[in-house]
Amino acid sequence: MIDTHCHLNDAKFDGIESEIVDNYLKSGVDKVICVGYDFLSSEKAKSLSEEFESVYYEVGIHPDDADTYDENQFEEMLKNKSEKLVAVGEIGLDYFHNKENKELQKEVFISQIKLANKYKLPIVIHCRDAYGDTLEILKKYAPFEFGAVMHCYGGSREYAYELIKLGVSMSFGGTVTFNNAKNVQEVVKDLPKETFFFETDSPYLAPVPFRGKRNEPKFVTCVAEFVANLRNENLNELIKYTDQNATKIFKF
């Protein structure tokens, strides 16, 4: 199975990366994507992909770090990419943490979309309390020839189908298992099979029954099991087609 979005580059995993990798390999997870969120974490994600065969990586500047963005520096990372770079992410808009720099966030988001297109890479989108502006930008730059993913999807059913119209896939993490996530559960219940896959966003947002503990990529199987039950589908079949969806976009 594939964990399409984790942060092995997070400080919570410092010094225990080998242990975390062993844990997920033993659990049946054979590939993970380590996601960058600023320049330092993007470089570390690349380093981890070089150290561990099962780790792939993304580079991206998160909207919370929009004020650190330098387009030339970011393009240098793309020029110096390894064959294990699978996407530009996570990028997007976040008005929950910062509403004062909306225009800057949009500029940084758009710049990274353009560079992803230039280097023929999919984008992985972070969206929090910014659904309207995110959709407006996505509509402007669709269709996404190289793929696009809304990570840790938490929006409405209607919004999900707007994304599908634009060719944007959705990734579901531990939040879908939470008791207060009935709306997201309704979304994933009947999504077309070709439109979604799974992630952990570890070390954050551990799924039930591990909620509140440090998340790990090995727990992505818990997310898949929960969704299989929701959709009344065979777990192995669900994992098979969602992994195929991820492989199609990230081209492992």
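Remember, it's a predicted structure, so these values are computed and weren't measured experimentally.

## Details of the overall build of the protein chain
- Assigned secondary structure in the protein chain consists of nine helices and eight strands.
- Relative to the compact-globule value of 18 Å for 252 residues, the protein chain shows a C-alpha radius of gyration of 17 Å, a close match.
- C-alpha atoms of the protein chain, sized along the principal axes, occupy 45 × 40 × 30 Å.
- Residues counted as buried form 58% of the 252 residues belonging to the protein chain.
- Pairs at least 24 apart in sequence give 72% of the contacts found in the protein chain among residues at least 6 apart.

## Notes on the sheet that holds strand S2 (residues 31-35)
- Strand order in the open sheet formed by eight strands is S1-S2-S3-S4-S5-S6-S7-S8, with parallel pairing between adjacent strands. Two strands close off the open sheet at either side, each with one partner strand: strand S1 (2-6) and strand S8 (196-198). If you compare each strand with its neighbour and ignore which way they point, the axes differ by 30° on average.
- Sheet analysis places strand S6 (residues 148-150) next to strand S7 (residues 168-172), joined by three bridges and oriented parallel.

## Considering the pattern of salt bridges
- Using the criterion set out here, one finds 13 salt bridges in the structure.
- Here Glu17 ties to Lys44 by a salt bridge, and the two come within 3.7 Å at their closest N and O atoms. Of this pair, Glu17 sits in helix H1 (residues 17-26) while Lys44 is found in helix H2 (residues 39-51), placing the two residues 27 residues apart along the sequence.
- Judged by relative accessible area, which is 14%, Glu17 ranks as buried.
- Between Glu216 and Arg214 there is a salt bridge, with its nearest N and O atoms 3.1 Å apart.
- Judged by its relative accessible area of 34%, Arg214 falls in the partly exposed class.
- Salt bridges sharing partners connect three or more residues here, namely Asp14, Glu17 and Lys44.

## Looking at the packing of aromatic side chains
- Under the definition given, this model contains 11 aromatic pairs.
- Both rings, one in Tyr153 and one in Phe172, keep their centres 6.0 Å apart while their planes meet at 70°; by these two values the pair is edge-to-face. Taken together, the residues span a long stretch of sequence, with Tyr153 in the loop between S6 and helix H6 (157-165) and Phe172 in strand S7 at a distance of 19 residues.
- Among the residues examined, Tyr153 registers a relative accessible area of 1% and is labelled buried.
- Relative accessible area serves as the criterion here: at 0%, Phe172 is assigned to the buried category.
- For the pair Phe210 and Phe219, a centre-to-centre distance of 4.1 Å together with 15° between the ring planes defines the contact as stacked.

## Thoughts on unusual backbone geometry
- With an omega of 0°, the peptide bond running from Ala142 to Pro143 counts as cis.
- Here Pro143 is to be found in the loop between helix H5 (131-141) and S6.
- Each neighbour pair has its own omega, and for Val208 with Pro209 the value is 15°, a cis peptide bond.
- You can see Pro209 is positioned in the loop between S8 and helix H8 (220-231).
- For Cys152, which is not glycine, the phi torsion reads 50° and is therefore positive.
- As for its position among the elements, Cys152 is in the loop between S6 and H6.
- Within the chain, Asp201 stands out as a residue other than glycine whose phi angle is a positive 60°.
- If you trace the backbone, Asp201 turns up in the loop between S8 and H8.

Thresholds, definitions, all that
Residues numbered from 1 in each chain as written. Predicted model: local features only at pLDDT ≥ 70, side-chain atom pairs only at ≥ 80, totals over all residues. Heavy atoms only, no water. Helix = DSSP H or I, 4+ residues; strand = E, 2+ residues; numbered from the N terminus. Rg over C-alpha atoms; globule rule 2.2 N^0.38 Å. Buried < 20%, exposed > 50% of the residue type's maximum accessible area, 1.4 Å probe, protein only. Contact = heavy atoms within 4.5 Å. Pairing = 2+ DSSP bridges. Axes fitted to C-alpha atoms, helices over the stretch in contact; angles between N-to-C directions. Salt bridge = Lys/Arg side-chain N within 4 Å of Asp/Glu carboxyl O. Phe/Tyr/Trp six-rings, centres within 6.5 Å; stacked < 30°, edge-to-face > 60°.

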